[in-house]
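Structure at a glance
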Amino acid sequence: MEWTVDQLRQFVTTADCGSFSAAARYLGKAQSAVSTAIGLLEVDLGVALFDRSRRNAQLSEAGQVLLLEARELLRQAEQLDQRARSLNAGSEAALSIALDEALPFTAIRTLMREISVKFPNLELTVLNGTATEVADYVEQERASVAFHFDRGPVRPCFDMRRIGSVPQGVFVAIDHPLADGRTVRRKDLVQHRQLLMHADDVHEVAHSPRVWRCDSFYSTAEMVADKLGWAVLPVNIAHYEGYRKALQEVPCPSLALPRLSVRMLWLQGRMLGATATYVQTRFTELLRDTPA
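Here the structure is a predicted model, which is why all the values come from computation and not from measurement.

1. Side note on the overall build of the protein chain
A tally of helices and strands in the protein chain yields ten helices and twelve strands. Counting only C-alpha atoms and orienting by the principal axes, one finds that the protein chain spans roughly 95 × 45 × 25 Å. Taking all 292 residues of the protein chain together, the buried fraction comes to 42%. Restricting to contacts in the protein chain with at least 6 residues of sequence separation, those with at least 24 account for 67%. Accessible area of the protein chain: about 15,800 Å², with a carbon and sulfur share of 50%. Placing the 33 positive and 35 negative side-chain charges of the protein chain at their respective mean positions leaves the two points 6 Å apart.

Below you can see the structure in the form of structure tokens.
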């Protein structure tokens, strides 16, 4: 078969316009050119697409079936053209992103929606995990870039850029003895079990002689809600819908908690493409605008 995309476009346009003359006006072509193109298409396909015994261009039964196929082929052709233009402009055809599960969900959700609009033909893979796991994904080349909380020194294989920060605080269950509204001191905290984030290469400060460790902020928040101890958590985790009514922040000025730094990792020496650069820039903006 030697039919062309242009012939398919004229076929679809004629079906939509209802006549050869209307399709010709819409396409800016002579009516004879449209009629000839569709006639040649019919010869190539071996079927009549229109019932020419009628005044208007009414589809035959075969034409009604093949119109659906023609629309799909035109959609694929347009998608191919868009992807080629995107690649020519320097955008990646595919991108894999690894995301720390504890990063603000509202910022990530907005980022995903905007990527979908700005890069409609991008093949995107999103991997989630702990701060350590998402770094592993980049080192294993399962992900092109990773965004995670700064959990210690950067491995020699990575390049790194800090893109923002997230506030953190001391949280307890709403019925915990420390949840009475008073400002607490360190000596008050040491009387209760502390739930610490655990990572192989990071040693968090323990303020209590009784400590449990966990490698997930979400699991730690669950244990806090179950009144198993107190923990320092990112504020966005404590304000997550599932924990908002179960946790209470305890003011403890003596701890002077810094904001948690968020960084982007990629393999050393690799150049960031246009899409990855956009993601880094936009995620930086979203983190800055995320309410505490």
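2. Describing the layout of surface pockets
Size it by volume and the largest pocket reaches roughly 400 Å³. Taken together, 22 residues form the lining of the largest pocket, with Gln168, Glu204, Val205, Val232 and Leu257 sitting closest to its centre. Within the residue set of the lining of the largest pocket, elements represented by two or more residues are strand S8 (194–197), strand S10 (230–234) and strand S12 (260–267). By residue number, the principal contributor to the lining of the largest pocket is S8, which donates four residues. Class assignment for the residues of the lining of the largest pocket results in twelve nonpolar, five polar and five charged.

3. Considerations on the environment of Ile108
By the element assignment, Ile108 lies in helix H5 (residues 105–118). Between the C-alpha atom of Ile108 and that of Leu286, which follows or precedes it by 178 residues, the distance is 8.2 Å. Non-local contacts of Ile108, meaning those with residues more than four positions away in its chain, are made with Leu99, Leu103 and Phe283.

4. Overview of the pattern of salt bridges
As enumerated under the stated definition, the model contains 14 salt bridges in all. Between Arg282 and Glu114 there is a salt bridge; the shortest N-O distance is 2.5 Å. Separated by 168 residues along the polypeptide, Arg282 in helix H10 (residues 274–289) and Glu114 in helix H5 bring together distant segments of the chain. When its relative accessible area of 19% is taken as the criterion, Arg282 is described as buried. For Glu114, a relative accessible area of 23% translates into the label partly exposed. A network of salt bridges, in which partner residues are shared, links Glu114, Arg282 and Glu285.

Criteria and cut-off values
- Residues numbered from 1 in each chain as written.
- Predicted model: local features only at pLDDT ≥ 70, side-chain atom pairs only at ≥ 80, totals over all residues.
- Heavy atoms only, no water.
- Helix = DSSP H or I, 4+ residues; strand = E, 2+ residues; numbered from the N terminus.
- Buried < 20%, exposed > 50% of the residue type's maximum accessible area, 1.4 Å probe, protein only.
- Contact = heavy atoms within 4.5 Å.
- Areas by Shrake-Rupley, 256 points an atom, 1.4 Å probe, with all protein chains shown as cover.
- Lys, Arg positive; Asp, Glu negative; His and termini not counted.
- Charge placed at Lys NZ, Arg CZ, Asp CG, Glu CD.
- 1 Å grid on protein atoms, 1.4 Å probe; cavity = no way out; pocket = protein on both sides within 12 Å on 5 of 7 lines; lining within 4 Å.
- Points joined across faces, edges and corners; volume = space filled by probe spheres on them.
- Nonpolar A, V, L, I, M, F, W, Y, C, P; charged D, E, K, R; others polar.
- Salt bridge = Lys/Arg side-chain N within 4 Å of Asp/Glu carboxyl O.

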